[in-house]
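# Structural description and commentary
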Amino acid sequence: MTNRVVVIGDGGERTRALEQKVFETSGCTVAIADDVASIGSVLDPPPDAVLIDVGEFDGSPGGVFREIQERVPDVPICLSNAPDDVEAAVRFVRSGAFDYLPKGASSVLDCASVLSRAVQARRPRRPRSVARKTGNDKLVGTSDAMQEVFDRIGTAAQIDMNVVVRGESGTGKELVASTIHAQSGRDAGTMRVVDCTTVSPRDLEQILLESRPGAEQETDAMSDQLGDRTVALDDVGKLSVDAQATLTRCLKEKTRRHGSSSPAEDAETNIARVIGLTRNRLCDAVQKEDFRKDLYFRLAQFPIDLPPLREREGDVLQLARYFLDRHIEKCPSLEKATLTQEAEATLQSYCWPGNVRELLNVMERAAYAAATSSGRTTIGADDLMLEPNDPVHMPVLPAAPKSTGNTMGDGAMTPDDRKPPEVKASTSGASGENTTPEGVSLGTEQQQILPMEELKRRAVERAYRLCDGDVDHAAVELDIGRSTMYRMLKRYDIRDD
């Protein structure tokens, strides 16, 4: 059965050229909608992919995008000839767009290529053995934040787009990349991690294209495995200017023919799938002109934000027990050990600036500390050896005492069991109150101590109001993930007035 794609354009010369190129490169038939009224007719029956050619269509790309999503929710949607706007690109991709091609990367060939990839992504994957190792056993967490990450990993594994994984040091970015590779259709190949702070442009190109003598003599099976490779670029924001240019060219070409002494011996090599790993937001580096804008569009096709451990409610103890049991299994000389209530309270109240990696180290040394101290089978708070006065770490908060008094949120006690002061609207700063431009009171000079939960709620509400309800902008200003911002808005029942 022939695949069918839809192009939303003006039906002019560019659209017709695209129709011919799509058929030549992928064999797909093309249906064209040249006005808003005709969109419904070309979406029945549902096509295999849709391309909105923004620069050649008289209409709101956002409105058309949402209408198509509602009519055919399972069909990949691409945007081409779009504004060269980083924020717009991120917004569309986060809303579910398959790809976003700005004007500088929207030639007819580029559009045909992205449509072909979208069609391939929608095709059912080959059956996979349940026994095949996917790496999921190493990704632990039941918090809402991690469930969203797991959903994103599953989606990224099913589509062949470049991915950017952002998270603080120690959150598990490389593990996410390996899981995406293991669960994808490229799992027959290998994944290689590249340190972007030291890689040269030439080495980067060789790694991405895997060019080597004798490639033309490989069997089809071997060639398929080469095409199944994944390259994880660690600290991708630190690529040199020349290496950024090399990566941009490789991602643009997708495939490349490597010459030899005879044209007949040329061999085509597919570029590996690229997953960028970064601690910082690449869009910020683009704004500072430290990272190429065109490279950002090609690389950050599917973003995944990893929450820090302090935002993963309920996961600390689960991870601690998992690391402890795994370490004991590796070391038969260690006896089965359990955590005391004091140790659990300390783990839960700690801020974990080193994230999951720090928790792993803490549990391994605690297991040894307990084993060498009269062979105990319990791990106490002292065995964790957390240093609250170490300037590298944030302080350990005291564990909440058991009480039947009033609690807020996820168990934070109010001072003297009193209810927290209400946030009240005000139009002036009378009586010494510190008010925001929206009139949200932040307390008087006499209210020097407020519960942490109340401070968090006020900070979230203040950012949300100052950013005029723009969740993405507010999350950036608070330096938290977008999904975390949404959870806090829901928890604190903050909404537009």
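Residues numbered from 1 in each chain as written. Predicted model: local features only at pLDDT ≥ 70, side-chain atom pairs only at ≥ 80, totals over all residues. Heavy atoms only, no water.

## Describing the pattern of salt bridges
Counted by the stated rule, this structure contains 19 salt bridges. For glutamate 67, the salt bridge identified is with arginine 71, shortest N-O distance 3.2 Å. Within this pair, glutamate 67 and its partner arginine 71 are both found in helix α3 (residues 61-71), separated by four residues, close to a single helical turn. Take arginine 71: its relative accessible area is 48%, and that puts it in the partly exposed class. A salt bridge links arginine 279 to aspartate 235; its shortest N-O distance comes to 3.4 Å. (Salt bridge = Lys/Arg side-chain N within 4 Å of Asp/Glu carboxyl O. Helix = DSSP H or I, 4+ residues; strand = E, 2+ residues; numbered from the N terminus. Buried < 20%, exposed > 50% of the residue type's maximum accessible area, 1.4 Å probe, protein only.)

## Quick notes on the confidence of the model for the chain
Overall, the prediction assigns the chain a mean pLDDT of 76, with 74% of residues at 70 or greater. Under a pLDDT of 50 for its full length, residues 124-135 has, in the predicted model, 19 contacts with residues more than four places off or in other chains. (pLDDT = per-residue confidence, 0-100. Contact = heavy atoms within 4.5 Å.)

## Thoughts on the state of the cysteines
Evaluation of the coordinates by the stated rule reveals zero disulfides. In this model cysteine 78 remains outside any disulfide bridge; the closest cysteine sulfur is found in cysteine 111, 8.9 Å from its own. We classify cysteine 78 as buried; its relative accessible area is 1%. (Disulfide = S-S within 2.5 Å.)

## Observations concerning the nonpolar core
In terms of nonpolar packing, the biggest core is built from 54 residues, with Ile52, Ile68, Tyr100, Leu233 and Leu299 touching the most fellow members. Residue contacts for isoleucine 68: discarding those within four places in its chain leaves Ile8, Ile39, Leu43, Val50, Ile52, Pro73 and Ile77. Counting 36 residues, the second-largest nonpolar core is a separate cluster that includes Leu18, Val22, Val149 and Ile153. (Core = buried A, V, L, I, M, F, W, Y, C linked by side-chain atoms within 4.5 Å.)

## Let's talk about the sheet that holds strand β1 (residues 4-8)
Here five strands make up an open sheet; going across it, the order is β2-β1-β3-β4-β5 and the pairing parallel. The outermost strands of the open sheet, each flanked by one partner alone, are β2 (29-33) and β5 (99-102). Put simply, the sheet's adjacent strands are angled 20° from each other on average, direction ignored. Of the pairings in the sheet, the one linking strand β3 (residues 49-53) to strand β4 (residues 77-82) comprises four bridges and is parallel in character. Residue isoleucine 52 lies in a different strand from β4, and its bridge partner there is leucine 79. Seen against the sheet, helix α1 (residues 13-26) touches β1, β2, β3 and β4 and runs at an angle of roughly 160° to β2. (Pairing = 2+ DSSP bridges. Axes fitted to C-alpha atoms, helices over the stretch in contact; angles between N-to-C directions.)

## Topic: the packing of helix α13 (residues 315-330) against helix α14 (residues 341-349)
Across the interface, α13 lies against α14 with an axial gap of 9 Å and an inter-helix angle of 120°. As judged from the angle between their axes, α13 and α14 are oblique. α13 and α14 meet at a crossing whose hand is right-handed. Together, Val316, Leu317, Ala320 and Arg321 of α13 and Glu344, Leu347 and Gln348 of α14 make up the contact between the two elements. For the contact of α13 with α14, the class distribution of residues is four nonpolar, one polar and two charged. (Parallel < 35°, antiparallel > 145°, perpendicular 65-115°, else oblique. Left-handed = near helix turned anticlockwise from the far one by under 90°. Nonpolar A, V, L, I, M, F, W, Y, C, P; charged D, E, K, R; others polar.)

## Side note on helix α17 (residues 452-466)
With 15 residues, α17 ought to run about 21 Å at 1.5 Å a step, and its terminal C-alpha atoms sit 21 Å apart, in line with that. Of the positions making up α17, those classed as buried are Glu453, Glu454, Arg457, Arg458, Val460, Glu461, Ala463, Tyr464 and Arg465. (Expected span 1.5 Å × (residues − 1).)

## Concerning the environment of alanine 49
Take alanine 49: it is sitting in strand β3. On the basis of relative accessibility, which here comes to 0%, the residue alanine 49 falls in the buried class. Alanine 49 sits 70 residues away from valine 119 along the chain, and the two C-alpha atoms are 5.8 Å apart. With residues near it in sequence (within four places) discarded, alanine 49 still touches Arg4, Val5, Val6, Val75, Pro76, Leu115, Ala118 and Val119.

## Here we look at the packing of aromatic side chains
Geometrically, a pair of aromatic rings is defined through the distance of the ring centres and the angle of the planes. Taken as a whole and assessed by the stated rule, the structure comprises six aromatic pairs. On the numbers, 5.9 Å between centres and 20° between planes, the contact of tyrosine 100 with phenylalanine 297 is stacked. With tyrosine 100 in strand β5 and phenylalanine 297 in helix α12 (residues 293-299), the pair connects residues that are 197 residues apart, well separated along the chain. For the pair tyrosine 100 and phenylalanine 297, one class covers both residues: buried. A ring pair is formed by tyrosine 322 and phenylalanine 323, whose centres lie 5.6 Å apart and whose planes are at 55°; its orientation type is tilted. A residue is classified by how much of its surface remains accessible, and tyrosine 322, at 22% relative accessible area, is partly exposed. Of the residues examined, phenylalanine 323 reaches a relative accessible area of 6% and is grouped as buried. Three or more aromatic residues joined by ring pairs make a cluster, and in this case those are Phe65, Phe92, Tyr100, Tyr296 and Phe297. (Phe/Tyr/Trp six-rings, centres within 6.5 Å; stacked < 30°, edge-to-face > 60°.)

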